[in-house]
Amino acid sequence: MRYHEWVPLDEIVRKAKMPEKDVLYRLKRLNKFGFVVRSVYGYAVSMGGYDALAVNAFVKKGILKAIGNKLGVGKEGDVYNVLLEDGREAVLKFHKHGRTCFTRGKRYRGYLADKHHISWLYVSRLTAQQEFEILNELFPVVKVPEPIEWNRHAIIMGKVVGEELKRLDLSEFMSIEEIRDLFWKIIEEVKKAYKIGYIHGDLSEFNILLDESRDFVIIDWPQAIPTYHPDAEFYLKRDIWNVIRYFKKYKIDKEDENINVDYIHKYITGK
Ligand SMILES: Nc1ncnc2c1ncn2[C@@H]1O[C@H](COP(=O)(O)OP(=O)(O)OP(=O)(O)O)[C@@H](O)[C@H]1O
Ligand SMILES: [Mg+2]
Ligand SMILES: [Mg+2]
């Protein structure tokens, strides 16, 4: 299935080793639940079907117990609160890259649609794997969610109880000195990640969660760039600038001339 979009019925019958009428009955039901889609070329797994396969794998492995409410819909994925078999709360993130291409693909048919579908399944799986592996390398040295499990386009990771910086007005509960201290603590984490070999690549007030004790976690790592990338300097400077830009509104740079992109870039890379 991984390399096809539309799988012809006879191929499904052959693989399933079942009479055609039983296969058709099952496909009809899967189609009714929205797990497979049909066209003149055959059948294909839908996004919901792929979600169900990943959830099923987590359950079979004895990891996932229950799925709760949706935490957020990002540009590229859906995130749910979940309960694990061991009693812990966690989050389940489905990677959905190329979601727009897929819907477009459904309108066109044939070859183009095929290409889009393959790229959606493939890219989403690849980015989930990537995020999982990066978290594994960073955790627990850097403040990132604990990676727990990966399957297909989904990962289960530790739940962060906190709010995106974007949604907070820090000045309501922190002094300028405390806010400046938080800024430098974030930079320390960026430096630790750099030392391990990664630049976040999408760092901003949307991807930093602050909890009630004013500790924070940096989330959303699938696009992280290895430090040996030819454009590493560009990405790192952009990340630094995004953090500075958010903190500038609290005027923390007024009494700290080191809060500028070039100084911090040098501080992080030693170059
Ligand atoms: N480990 C976590 N614990 C708690 N909440 C989380 C966690 N991971 C993600 N979230 C919530 O879900 C939202 C989306 O997650 P994330 O940023 O990883 O996904 P994304 O789809 O890549 O988003 P974006 O469109 O910002 O790139 C986050 O902004 C956050 O509110
Ligand atoms: Mg995000
Ligand atoms: Mg993201």
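As named in an unreviewed UniProt entry, the chain is non-specific serine/threonine protein kinase, taken from Methanocaldococcus lauensis. Reading the Cofactor (unreviewed entry) entry of the UniProt record for the chain gives the comment "Mg(2+)".

Undergrad: I'd like to hear about the pairing of strand β7 (residues 154-158), residue by residue, with values.
TA: Counted residue by residue, β7 has five buried out of five residues, so it is predominantly covered. Where strand β5 (residues 89-95) meets β7, five bridges bridge the pair, whose relative direction is antiparallel. Looking at β7, one finds that Leu92 is bridged to Ile156. By the bridge criterion, four bridges tie strand β6 (residues 147-151) to β7 in an arrangement that is antiparallel. Residue Asn151 lies in a different strand from β7, and its bridge partner there is Ala154. Between β6 and β7, which pair antiparallel one after the other, the connecting turn spans two residues, and Arg152 there sits at a positive phi close to 50°.

Undergrad: Provide a residue-level description of the side chain of Ser46, including the pertinent values.
TA: Assignment of secondary structure puts Ser46 in the loop between β2 (42-45) and α3 (47-60). For Ser46, a relative accessible area of 6% gives the class buried. A polar contact of 2.5 Å, which involves the side chain of Ser46, links it to the backbone oxygen of Gly34. When near neighbours in sequence (up to four residues on either side) are disregarded, Ser46 contacts Gly34, Phe35, Val36 and Val37.

Undergrad: Before we move on, could you go through the coordination of the magnesium ion (ligand 2) and cite the residues and values that matter?
TA: Those protein atoms acting as donors to the magnesium ion (ligand 2) are Asn207 (OD1) and Asp220 (OD), and they sit at 2.2 to 2.3 Å. If you look at the magnesium ion (ligand 2) and the magnesium ion (ligand 3), they sit 3.8 Å from each other and are both ligated by Asp220. Placement of Asn207 in the loop between β9 (198-199) and β10 (208-210) and of Asp220 in the loop between β11 (216-218) and β12 (225-226) is noted, with a sequence separation of 13 residues between them. Assigned by exposure class, Asn207 and Asp220 land together as buried.

Undergrad: Describe the packing of helix α6 (residues 176-196) against helix α7 (residues 232-248), naming the residues involved and giving the relevant values.
TA: Closest axis-to-axis distance for the α6/α7 pair is 11 Å, and the angle between their directions is 165°. With respect to their mutual orientation, α6 and α7 come out roughly antiparallel. Of the two elements, α6 crosses α7, and the hand of that crossing is right-handed. Between α6, through Ile179, Leu182, Phe183, Ile186, Val190 and Tyr194, and α7, the contact on the second element is made entirely by Leu236, Val243, Ile244 and Phe247.

Undergrad: Got a sec to walk through the packing of aromatic side chains? Specific residues and values, please.
TA: Remark: the centre distance and the inter-plane angle together describe each pair of aromatic rings, the angle taken between the planes. Within this structure, the stated rule accounts for nine aromatic pairs. Between Phe33 and Phe35, the ring centres sit 6.1 Å apart and the planes meet at 45°, which makes this aromatic pair tilted. Overall, Phe33 belongs to the exposed group, its relative accessible area being 51%. An angle of 75° between the planes, with centres 5.2 Å apart, marks the rings of Phe234 and Tyr235 as edge-to-face. We classify Phe234 as partly exposed; its relative accessible area is 47%.

Undergrad: I'd like to hear about the nonpolar core, residue by residue, with values.
TA: Leu170, Phe183, Trp221 and Phe247 are the most contacted members of the largest nonpolar core, which has 47 residues in total. At the level of elements, α5 (111-138), β7, α6, β9, β10, β11, α7 and α8 (261-269) are the ones that each hand at least two residues to this core. When residues of this core are assigned to their parent elements, the largest contribution, nine residues, is made by α6. Shared between two domains, this core takes at least three residues from each, and those domains are domain 2 (46-158) and domain 3 (163-269). Ignoring sequence-local partners within four residues, the contact set of Phe247 consists of Leu165, Leu170, Ile179, Leu182, Phe183, Ile186 and Ile252. The next biggest cluster of nonpolar side chains, apart from the first, holds 13 residues, and it includes Ile63, Ala90, Ile148 and Ala154.

Undergrad: For α6, give the residues involved together with the corresponding values.
TA: Within an α-helix, residues lying three or four positions from one another point in the same direction, as the helix has 3.6 residues per turn. For α6, which comprises 21 residues, the first-to-last C-alpha distance of 31 Å matches the rise-based estimate of 30 Å (1.5 Å per residue) to within 8%. One or two steps after α6, the chain reaches Gly197, where phi turns positive at roughly 125°.

Undergrad: Tell me what's going on with the sheet that holds β10, and back it up with residues and numbers.
TA: With respect to topology, three strands assemble into an open sheet ordered β8-β10-β11, the strand pairing being antiparallel. Looking at strand neighbours, the two that pair on one side only are β8 (163-164) and β11, the edges of this open sheet. Note: β10 against β11, three bridges, orientation antiparallel. Among the inter-strand pairings, Leu209 is bridged to a residue of β11, identified as Val217. Packed on one face of the sheet, α6 meets β10 and β11 and runs near 40° to β11.

Conventions and cut-offs
- All residue numbers refer to position in the chain's written sequence, counted from 1.
- Labels are handed out in written order, letters beginning with A for the chains and numbers beginning with 1 for the ligands.
- The predicted nature of this model means local features are confined to residues of pLDDT at least 70 and side-chain atom pairs, given and counted, to a pLDDT of 80 or more, with totals for whole chains, interfaces and linings taken over all residues.
- Only hydrogens and water are set aside when side-chain values are computed; all heavy atoms of the structure are taken into account.
- UniProt positions are given in the numbering used here, feature names are shortened, and annotations may be inferred rather than shown by experiment.
- Only protein chains enter the accessibility calculation, which uses a 1.4 Å probe. A residue is then buried if its area is under 20% of the maximum for its type, exposed if over 50%, and partly exposed in between.
- We count a stretch as a helix when DSSP gives it H or I for four or more residues in a row; a strand needs E for two or more, and each element gets its number in order from the N terminus.
- Think of it this way: DSSP has to see at least two bridges between two strands before they count as a pair.
- Polar contacts, as counted here, are pairs of nitrogen or oxygen atoms within 3.5 Å of one another; within protein the pair requires one atom able to donate a hydrogen and one able to accept it, and residues that are adjacent in sequence qualify only if both atoms are side-chain atoms.
- It only takes one pair of heavy atoms within 4.5 Å for two residues to be counted as in contact.
- Metal donors were taken as nitrogen, oxygen and sulfur atoms no farther than 2.8 Å from the ion, or 3.2 Å where the ion is Na, K or Ca. Water is excluded, so coordination may look unfinished.
- Angles run from 0 to 180 degrees between N-to-C directions of axes, and those axes are lines fitted to C-alpha atoms, restricted for helices to the stretch in contact.
- For classification purposes, angles smaller than 35 degrees are called roughly parallel, those larger than 145 roughly antiparallel, those between 65 and 115 roughly perpendicular, and all remaining angles oblique.
- Crossing handedness is defined as follows: a turn of the near helix away from the far one that is anticlockwise and smaller than a right angle gives a left-handed crossing, while the clockwise case is right-handed.
- Classification of ring pairs uses Phe, Tyr and Trp, with its six-membered ring standing for Trp, and accepts pairs whose centres are within 6.5 Å; under 30 degrees between planes counts as stacked, over 60 as edge-to-face, and the remaining range as tilted.
- Here, the term nonpolar core denotes a set of buried Ala, Val, Leu, Ile, Met, Phe, Trp, Tyr and Cys residues that are joined through side-chain atoms within 4.5 Å.
- The domain boundaries here were taken from an automatic or database domain assignment.
- Here the expected length of a helix is defined as 1.5 Å per residue gap, with one fewer gap than residues.

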